[in-house]
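Observations on chain architecture
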Amino acid sequence: MSPTTCTGPSPVRASWTEPEPPEPRTAWERKLMDDTMIRAHHDLPVDATSAARAEATGLRLVRLDNDDADEFAAWQRSVARGFFDGEPTEARRRAGMEFLGYRRLIAVLDPGAPDPQEPVATFASWAGGLSVPGGEVPSCAISSVTVAPTHRRRGLARAMMEGELRRAVEAGLPVASLTVSESTLYGRYGFGSAASAASLTVDTKRAGWAGPVPAGRVDFISRERWRALAPDVFDRVRAVRPGEFEMPGGHWDRFAGTRPDAEKPELLRAVQYADPAGTVQGLALYRIEENEEDFARSSVEISSLIADGDDAYAALWRFFMEMDLIGTVRIAEQTLDEPLLWMVADRRAVTVTVRDHHYVRILDVPAALQGRRYEAPGRFRIEVADPLGIAAGTFAMEVDAQGTASVREGDGDGESLPVRLGITELSALYLGEVSALTLARAGRLSCPDPVALARTFRWSAPANLSYWY
Ligand SMILES: CC(=O)SCCNC(=O)CCNC(=O)[C@H](O)C(C)(C)COP(=O)(O)OP(=O)(O)OC[C@H]1O[C@@H](n2cnc3c(N)ncnc32)[C@H](O)[C@@H]1OP(=O)(O)O
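Residues numbered from 1 in each chain as written. Predicted model: local features only at pLDDT ≥ 70, side-chain atom pairs only at ≥ 80, totals over all residues. Heavy atoms only, no water.

Okay, the packing of aromatic side chains next. As enumerated under the stated definition, the model contains 18 aromatic pairs in all. An angle of 70° between the planes, with centres 5.1 Å apart, marks the rings of F319 and F320 as edge-to-face. The structure contains a cluster of three or more aromatic residues connected by ring pairs, namely Y102, W126, W226, F234, F245, W252, F255, Y467 and Y469. The ring of W342 carries the charged tip of R347 above its face, separated from the ring centre by 4.7 Å. (Phe/Tyr/Trp six-rings, centres within 6.5 Å; stacked < 30°, edge-to-face > 60°. Lys NZ or Arg CZ within 6 Å of the ring centre and 35° of its normal.)

Structure, rendered in C-alpha cells:
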C-alpha cells in the first residue's frame, strides 16, 4: 500500500442484523468493503511480547471477536466505565455492534476476578486516512484506551500500546494517531501534539458582523438530509486540511442523532449553505441553550460547522452571529487561525481557548515524511531518537523545489543540514502546525539553522481535527 493512498474495507461485519444494517453511506464505509490491507491489520493476532507480559502477572491479553455479542457487550461496558459513562443501554449495545465492526478490539481479562469475562483494560484501533500537508497517509487510529481503577499503574496501558504499535508497524501503517483525555499520557510512546484545537466563545451582542455577505442562501434542513450531505462536504474540506481524519463508521450518525441510541436528537437543528447555483457548500449542526433569566441572551452550541470555501464559512457564521435572542455562540475543535476573528467588528467579543487535541506518532520515517508535501526545498540529515526503538535512525531527506521529499536511511552528503530530535518532536512537526524554530527555541530539537528547517516543514493551511475519535 502506498503511503499516500488509503482505501479500506470493513474488516468485520457485525452479526446483529435487526433491522438490516444500512447500506454503507460514507466514503469510509464504502472503502471499508474491499481493502485487504485494513482487514489484515484488523485480524492480526495480539502482540506476543505484550501478551507474555500480561501472562506473567496472571492476566490475559486477547483480541475480541467483533461478532460475539457477549464479548462486545462486556468490552463496551468496560469502556463506558473507563470514561465515566453510564452502563450501555441495549440500544447502545446494538448500535455499537452495528457501527464499530471495523475496530480491532483488544482487552485484558483477569481470570481471578469475580466476573472474568469483563475486561479490566480495553483498547481499539483501525486503519484510516490522516490528512497531511498536500496529501493523505494511512494511520493507525487508536481509541477507547481504558484500565480499570482496580488494575491501574501495573503497566497494562503500556503493554497494550506498545503491542498495538508493533502490530501497526507490521501492518505497514506509517503513522499512528489519537485524541487524548490527558496531555501527559502519550508523549512517552512517541506521540506528539500535532494539531491543536481552539474553542471559541462569541459575545454576539458585542461582536458585530464585519465579514462578507455571500450571495448564496442558508436554509434549515432535516437531520437526515444533513447526515446524507455531510460526508461529501467533509471529504472536500478534509482533502486540504492537514490533521483531519477519515470519518470513522458511526460518527456521522452520532453527530446527526440518526442512530437508534441517540440522546435527545430532537434538540439538534441543521442548516445548509448553498451557493447561487444551488450547490451545497456548507453545513452546520447546533442546539440552543435557553437562558431562563434573560431570553434575549440564550446560547448556541455549534456541534459541527463544515464549510467548503470562504462563502460557506462566512454565510454560516453570519447566520449564527445575527440570530435573535442569542447572546453567546460557542464552538470547539477549530483551527488556531480562524478567519472569524477578522469578521467581527470587536475582536474582544471572541474568547479563544487553545488545547492540544490530535496527537500523531510516526512509525516509519521515510514513508511518513515522503507522504506529505513541503513549502521550501532543503537537504537534511535527520537523527531520530525513539524510546520504543520503532523509528530510530539517521535519515537523509531531500526536498525539491516542488515540495516533494525523498527520504532514505543514511547520512546524506556534507551539504545536508544536521537535525537531531526525538520521534515525539518529529511527529509534532509532521502536520506543519508548530514551527521547527519554536521547538528549537524550546530545546526540543537541535539544528544549526532552525529557520531553514522551519521554512521547509511549515504549511500554510492550519492543521485541525474537527471532532474526537
Ligand atoms: C486514546 C485514548 O483512548 S485517550 C483515553 C485514556 N483513558 C482515560 O483517560 C480513561 C481513564 N484512565 C485510565 O483508564 C488509565 O488511568 C490509563 C489508561 C490512562 C493508564 O492506564 P495504566 O494501566 O494505569 O497505565 P500504565 O500502568 O501502563 O502506565 C504507563 C505509563 O503512563 C503513566 N501514566 C499512567 N496514567 C497516567 C496519568 N493519568 N497521568 C500521567 N501519567 C500516567 C505511568 O506512570 C506509566 O509511566 P512509565 O511507564 O513511563 O513509567
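Glancing now at the pairing of strand 13 (residues 378-385). Where burial is concerned, the two faces of strand 13 differ: the one with G378, F380, I382 and V384 is buried and the one with R379, R381, E383 and A385 is not. Pairing geometry for strand 13 and strand 14 (residues 393-399), over seven bridges, is antiparallel. Considered in strand 14, the bridge of R379 is made with E398. (Buried < 20%, exposed > 50% of the residue type's maximum accessible area, 1.4 Å probe, protein only. Helix = DSSP H or I, 4+ residues; strand = E, 2+ residues; numbered from the N terminus. Pairing = 2+ DSSP bridges.)

On to the domain arrangement of the chain. One can read the domain layout of the chain as domain 1 (27-173), domain 2 (209-343) and domain 3 (365-457). Relative to domain 2, the C-alpha centre of domain 1 lies at a distance of 31 Å. In this assembly, domain 1 packs against domain 2 so that about 1,600 Å² is buried in total across both faces, 51% of it on carbon and sulfur atoms. The tally of links between domain 1 and domain 2 comes to three salt bridges. Residue E136 pairs with R238 through a salt bridge whose shortest N-O separation is 2.8 Å. (Domains from an automatic or database assignment. Buried area = accessible area lost by both parts, 1.4 Å probe. Salt bridge = Lys/Arg side-chain N within 4 Å of Asp/Glu carboxyl O.)

Within the open sheet, the five strands sit side by side as 15-14-13-16-17. Their pairing is mixed. For this open sheet the edge positions go to strand 15 (405-409) and strand 17 (445-446), each flanked by a neighbour on one side alone. In terms of strand pairing, strand 13 meets strand 16 (residues 417-422) through six bridges, oriented parallel. Residue pairing in the sheet places F380 in a bridge with L417 of strand 16. Along the sheet face, helix 14 (residues 450-457) touches strand 13, strand 14, strand 16 and strand 17 and points at about 95° away from the line of strand 13. (Contact = heavy atoms within 4.5 Å. Axes fitted to C-alpha atoms, helices over the stretch in contact; angles between N-to-C directions.)

Under the definition given, this model contains 29 salt bridges. R297 is the salt-bridge partner of D294, the closest N and O atoms lying 3.8 Å from each other.

What follows concerns the UniProt feature "domain: N-acetyltransferase" (unreviewed entry) in the chain. This chain's UniProt record puts "domain: N-acetyltransferase" (unreviewed entry) on residues 59-224. Secondary structure content for residues 59-224 is 27% helix and 34% strand, and the end C-alpha separation is 45 Å. (UniProt positions renumbered as here; feature names shortened; annotations may be inferred.)

The calculated volume of the second largest pocket comes to roughly 150 Å³. Taken together, V213, P214, G216, R217, V218, Y273, A315, R318, F319 and E322 make up the full set of residues lining the second largest pocket. Of all the secondary-structure elements, those providing two or more residues to the lining of the second largest pocket are strand 7 (217-221) and helix 10 (310-321). Among the residues making up the lining of the second largest pocket, the classes are represented as six nonpolar, one polar and three charged. (1 Å grid on protein atoms, 1.4 Å probe; cavity = no way out; pocket = protein on both sides within 12 Å on 5 of 7 lines; lining within 4 Å. Points joined across faces, edges and corners; volume = space filled by probe spheres on them. Nonpolar A, V, L, I, M, F, W, Y, C, P; charged D, E, K, R; others polar.)

Below, the discussion takes up the UniProt feature "binding site: acetyl-CoA" (unreviewed entry) in the chain. The UniProt record marks V145, T146, V147, R153, R154, G155, L156, A157, R158, S181 and E182 with the feature "binding site: acetyl-CoA" (unreviewed entry), using the residue numbering of this structure. Considering the arrangement of structural elements, one finds S181 in the loop between strand 5 (175-179) and strand 6 (192-203). S181 sits in the exposed class, given a relative accessible area of 59%. Here E182 shows up in the loop between strand 5 and strand 6.

Core analysis: the largest hydrophobic core is formed by 71 residues, its most contacted members being W226, I362, L369, M397, L426 and Y430. Every residue in contact with W226, bar those within four places of it in the chain, is listed here: I221, W252, F255, A256, A270, V271, L283, A284, L285, S304 and I306. In terms of nonpolar packing, the next biggest core, distinct from the first, is built from 33 residues, I142, M161, A168 and Y359 among them. (Core = buried A, V, L, I, M, F, W, Y, C linked by side-chain atoms within 4.5 Å.)

The next subject is the site of the ligand. Of all residues adjacent to the ligand, which total 24 residues, the nearest are V145, R153, R158, S181 and E182. L156 is positioned such that a nitrogen or oxygen atom in its backbone is 3.4 Å from an oxygen atom of the ligand. Within the backbone of A157, one N or O atom sits 3.1 Å away from an oxygen atom of the ligand. Considering the ligand on its own, with 970 Å² of exposed area, one finds that the protein chains cover 76% of that surface. (Near = heavy atom within 4 Å. Polar contact = N/O pair within 3.5 Å; in protein donor to acceptor, adjacent residues only side chain to side chain. Areas by Shrake-Rupley, 256 points an atom, 1.4 Å probe, with all protein chains shown as cover.)

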